[in-house]
Amino acid sequence: MLTLTENACTIVKQMTDAPDVPDSAGLRITQAEAGFAVSAAEQAEPGDQVVEQDGATVYLDPDSARQLDAMVLDAGIDDTGTLQFGLVTQA
């Protein structure tokens, strides 16, 4: 199952911890033409795998869940202030 680094947990929680955002909100990862697409989601879609770790919630569509089963999601902010997500194989 996909796991999250401490940085990824913190960023996902920051994205979804606002007064006007539902408690079910999380980050959604789906298949895209050139890899994966990452977006904020109010809730899981039917068939999504739900990953909850340290207060952060990530939703994975079925294809992404299979491909990311042994991966770690990391996140950070680059020098230009842009949010970046990355994947590495679990050790």
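Computed from a predicted model, the values in this text were never measured in an experiment.

Q: Looking at this structure, how should I read the pattern of salt bridges?
A: Under the criterion given, the structure shown has two salt bridges. For R28, the salt bridge goes to D48, with nearest N and O atoms at 2.8 Å. Of this pair, R28 sits in strand β2 (residues 26-32) while D48 sits in the loop between β3 (35-41) and β4 (49-53), and the two are 20 residues apart along the sequence. Relative accessible area serves as the criterion here: at 17%, R28 is assigned to the buried category. The residue D63 makes a salt bridge to R66 at a minimum N-O spacing of 2.3 Å.

Q: Explanation requested: the pairing of strand β7 (residues 83-89) in the structure shown.
A: Every regular strand shows the same layout, with side chains that alternate between the two sheet faces. Judged from the seven bridges that link them, strand β6 (residues 71-77) and β7 form a sheet pairing that is antiparallel. Within the sheet, the bridge partner assigned to D74 lies in β7 and is G86. Between β6 and β7, which pair antiparallel one after the other, the connecting turn spans five residues, and G81 there sits at a positive phi close to 85 degrees.

Q: Before we go on, may I ask you to explain unusual backbone geometry in this structure?
A: Within the chain, D54 stands out as a residue other than glycine whose phi angle is a positive 50 degrees. Within the secondary structure, D54 sits in the loop between β4 and β5 (56-60).

Q: What should I look at first to understand the environment of G26 in this one?
A: Turning to its location among the elements, G26 is positioned in strand β2. A sequence separation of 13 residues divides G26 from K13, and the C-alpha atoms of the two residues are 7.9 Å apart. Excluding residues that lie within four positions of it along the chain, G26 makes contacts with T16, S39, A40, A41, T57 and Y59.

Q: What is the right way to look at the sheet that holds β6 in this model?
A: Note on sheets: strands pair through backbone hydrogen bonds, and any given pair is parallel or antiparallel. Here we have three strands laid out as an open sheet, ordered β1-β6-β7, and mixed in their pairing. Across the chains shown, the open sheet's two edge strands, defined by having one partner strand only, are β1 (3-4) and β7. Running at roughly 65 degrees to β6, helix α1 (residues 6-16) makes contact with β1, β6 and β7 of the sheet.

Q: Please explain α1 as it appears in this structure.
A: Each full turn of the α-helix corresponds to 3.6 residues, which orients residues three or four apart in the same direction. Listed in full, the buried residues belonging to α1 are A8, C9, I11, V12 and T16. On the buried face of α1, the contacting elements are β1, β2, β4, β5, β6 and β7.

Q: Help me understand the sheet that holds β2 in this model?
A: Ordered in space as β3-β2-β5-β4, the four strands form an open sheet in which the pairing is mixed. The sheet terminates laterally at β3 and β4, the two strands that pair on one side only. Neighbour-to-neighbour, the strand axes of the sheet open up by a mean angle of 25 degrees, direction not taken into account. Looking at chain direction, β2 and β3 are connected through seven bridges and run antiparallel. Among the inter-strand pairings, R28 is bridged to a residue of β3, identified as S39. α1 contacts β2, β3, β4 and β5 of the sheet and is inclined by roughly 90 degrees relative to β5.

Cut-off values and rules
Residues numbered from 1 in each chain as written. Predicted model: local features only at pLDDT ≥ 70, side-chain atom pairs only at ≥ 80, totals over all residues. Heavy atoms only, no water. Salt bridge = Lys/Arg side-chain N within 4 Å of Asp/Glu carboxyl O. Helix = DSSP H or I, 4+ residues; strand = E, 2+ residues; numbered from the N terminus. Buried < 20%, exposed > 50% of the residue type's maximum accessible area, 1.4 Å probe, protein only. Pairing = 2+ DSSP bridges. Contact = heavy atoms within 4.5 Å. Axes fitted to C-alpha atoms, helices over the stretch in contact; angles between N-to-C directions.

Fair warning: the whole summary comes from geometry, so function is off the table for now.
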